[in-house]
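What follows is the residue order along each chain.
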Amino acid sequence: MADQVQIRTMNQDLEEPMAEIMPSVLTAMSYLLQRVSETNDKLSQKQMISGFHGLTKPSISIRSYLERIFEYANCSYSCYIVAYIYLDRFVKKQPFLAINSHNVHRLIITSVLVSAKFMDDLSYNNGYYAKVGGISREEMNMLELDFLFGIEFQLNVTVSTFNNYCCFLQREMVMLMKMKSLFLEPSLSFRSSFKTKLLMNPHEDDSLSTHHSKKQQLAAA
């Protein structure tokens, strides 16, 4: 819990600068999640169906969905970074449940809910998050439990881990802003790197880069 207190203190100290860059943080997160989802949509191998899986792809984009959560959830800025860390843990511990267009929205709203409850002193209840996410309270309750079991209730985030993810997202923000300023689409090599990399360090065993590389190798075999 000492790490959580320190992260909260950091978040309070950086509230004003974080407020300025949060739109860019959400853009980077949505871009990375979209690339991973699109890649897994194309994989020919059979993927596991879970409670997070929707029968149809939501019409709202990942970016708009994240912006909606950000507008109405009123959780601390650090919650979104921690939610992102939780998503990484979830995929690592559930290797046969890949993030795709059918489950990414439910995974996002659930990860933010769990993060807000753990990180913030005050947070909205499941019924409120259900309305924000466009699902029922019963489904939100079920998804929360599934997610907690999926990450094996490993909710603690060390300060070093938090800082590493912040640095990773900051690098991606800079790259995206450079592309935007140049009015250029990502190059093929750049887009390829994003398709398999969601997290901060592609050389770590618990990163989604390693996870998706293994899945692609198996699919090609």
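Residues numbered from 1 in each chain as written. Predicted model: local features only at pLDDT ≥ 70, side-chain atom pairs only at ≥ 80, totals over all residues. Heavy atoms only, no water.

Colleague: Report on the overall build of the protein chain, specifying residues and quantitative values.
Modeller: The helix and strand tally for the protein chain stands at 10 helices and zero strands. The 221 residues of the protein chain split such that 48% are buried. A fraction of 84% describes how many contacts in the protein chain between residues 6 or more apart in sequence connect residues 24 or more apart. Counting every atom, the protein chain has about 11400 Å² of accessible surface; 55% of that belongs to carbon and sulfur. (Helix = DSSP H or I, 4+ residues; strand = E, 2+ residues; numbered from the N terminus. Buried < 20%, exposed > 50% of the residue type's maximum accessible area, 1.4 Å probe, protein only. Contact = heavy atoms within 4.5 Å. Areas by Shrake-Rupley, 256 points an atom, 1.4 Å probe, with all protein chains shown as cover.)

Colleague: Give a detailed account of the nonpolar core, specifying residues and quantitative values.
Modeller: General note: in soluble globular proteins, nonpolar side chains tend to be found buried as a group. Ile69, Tyr80, Tyr129, Phe147 and Leu169 are the most contacted members of the largest nonpolar core, which has 56 residues in total. Breaking this core down by element, the ones donating at least two residues are helix H2 (15-42), helix H3 (62-73), helix H4 (78-93), helix H5 (104-119), helix H6 (126-133), helix H7 (137-150) and helix H8 (159-182). With 11 residues, the top contributor of residues to this core is H4. (Core = buried A, V, L, I, M, F, W, Y, C linked by side-chain atoms within 4.5 Å.)

Colleague: Let's hear about the side chain of Asn100: which residues, and what values?
Modeller: Take Asn100: it is sitting in the loop between H4 and H5. Overall, Asn100 belongs to the buried group, its relative accessible area being 6%.

Colleague: How would you sum up the confidence of the model for the protein chain? Please name residues and give values.
Modeller: Across the protein chain, the average pLDDT comes to 78, with 70% of residues at 70 or higher. Long-range and interchain partners of residues 186-197, a stretch whose pLDDT sits below 50, account for 27 contacts in this model, where long-range means more than four residues apart. In this model, residues 200-221 is a region of pLDDT below 50 whose contacts with residues beyond four sequence positions or in other chains number 37 contacts. (pLDDT = per-residue confidence, 0-100.)

Colleague: Lay out the packing of aromatic side chains with the relevant residues and their values.
Modeller: Evaluated as defined, the whole model comprises seven aromatic pairs. On the numbers, 6.2 Å between centres and 25° between planes, the contact of Phe70 with Tyr77 is stacked. Classification of Phe70 by relative accessible area gives partly exposed; the value is 26%. Judged by relative accessible area, which is 17%, Tyr77 ranks as buried. Three or more aromatic residues joined by ring pairs form one cluster here, namely Phe52, Phe90 and Phe147. (Phe/Tyr/Trp six-rings, centres within 6.5 Å; stacked < 30°, edge-to-face > 60°.)

Colleague: Quick rundown of a nonpolar patch on the surface? Include the residues and the values.
Modeller: A cluster of nonpolar side chains, Leu145, Phe149 and Phe153, forms an exposed patch at the surface whose accessible area comes to about 330 Å². The class of Leu145 is partly exposed, set by a relative accessible area of 47%. (Patch = residues over 30% accessible without salt bridge, like charges linked within 9 Å, V, L, I, M, F, W, Y side chains within 5 Å. Salt bridge = Lys/Arg side-chain N within 4 Å of Asp/Glu carboxyl O.)

Colleague: I'd like a rundown of H3, residues and numbers included.
Modeller: Here H3 is 12 residues long and its end C-alpha atoms lie 16 Å apart, about the 16 Å a rise of 1.5 Å per residue gives. Note on H3: the residue one or two positions beyond its end, Asn74, has a positive phi of about 55°. (Expected span 1.5 Å × (residues − 1).)

Colleague: Mind laying out the packing of H6 against H7, listing which residues take part and the relevant values?
Modeller: Contact geometry for H6 and H7: axes closest at 8 Å, N-to-C directions at 105°. By the angle between their axes, H6 is roughly perpendicular relative to H7. Contacts from Asn126, Gly127, Tyr129 and Ala130 of H6 reach H7 at Arg137, Met140, Asn141 and Glu144. Of the residues that constitute the contact of H6 with H7, the class distribution is three nonpolar, three polar and two charged. (Axes fitted to C-alpha atoms, helices over the stretch in contact; angles between N-to-C directions. Parallel < 35°, antiparallel > 145°, perpendicular 65-115°, else oblique. Nonpolar A, V, L, I, M, F, W, Y, C, P; charged D, E, K, R; others polar.)

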